Amino acid sequence: MITIICAECNKAPFGVQPSGRFRCDNCGSEILPRDLVFDEGEVWVIDSAGTLGYLPAPDHS
């Protein structure tokens, strides 16, 4: 998993919130799942600690 770091502060990852939003662990900036944009084949994931990340597309070469 590649952790997604906050673009606002560039210091911390996003953690999942009970509201379904993701909040930066440093500055409190929030994003929604609909705000996540990935390259083809990539998918977002949440690890066991509640940290937002993504899995890269499989290499088909």
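### Some remarks on the overall build of the protein
Broken down by element type, the protein carries zero helices and six strands. N-terminal to C-terminal, the α/β element order of the protein is β-β-β-β-β-β. For the protein, the spread of C-alpha atoms along the three principal axes comes to 40 × 25 × 20 Å. The 61 residues of the protein split such that 30% are buried. Of the contacts formed within the protein by residues at least 6 apart in sequence, a portion of 26% connects residues at least 24 apart. Here the protein displays about 4,200 Å² of accessible surface, and carbon together with sulfur accounts for 48% of that area. Computing the positive centroid from 4 side-chain charges and the negative centroid from 9, the protein places the two 14 Å apart.

### Looking at the packing of aromatic side chains
In this structure the tally under the stated criterion is two aromatic pairs. Ring centres of Phe-22 and Trp-44 lie 5.5 Å apart, and the angle between their planes is 80 degrees; on these two criteria the pair is classed as edge-to-face. Of this pair, Phe-22 sits in strand E3 (residues 22-24) while Trp-44 sits in strand E5 (residues 43-46), and the two are 22 residues apart along the sequence. On the accessibility criterion, Trp-44 (38% relative accessible area) is partly exposed. A centroid spacing of 5.5 Å and a plane angle of 40 degrees characterise the contact between Phe-38 and Tyr-54, whose relative ring orientation is tilted. Here Phe-38, found in the loop between strand E4 (30-31) and E5, pairs with Tyr-54, found in strand E6 (residues 52-55); they are 16 residues apart in sequence, far enough to count as distant.

What counts and what doesn't
- Residues numbered from 1 in each chain as written.
- Predicted model: local features only at pLDDT ≥ 70, side-chain atom pairs only at ≥ 80, totals over all residues.
- Heavy atoms only, no water.
- Helix = DSSP H or I, 4+ residues; strand = E, 2+ residues; numbered from the N terminus.
- Buried < 20%, exposed > 50% of the residue type's maximum accessible area, 1.4 Å probe, protein only.
- Contact = heavy atoms within 4.5 Å.
- Areas by Shrake-Rupley, 256 points an atom, 1.4 Å probe, with all protein chains shown as cover.
- Lys, Arg positive; Asp, Glu negative; His and termini not counted.
- Charge placed at Lys NZ, Arg CZ, Asp CG, Glu CD.
- Phe/Tyr/Trp six-rings, centres within 6.5 Å; stacked < 30°, edge-to-face > 60°.

All quantities given are derived from atomic positions and should not be read as evidence of function.
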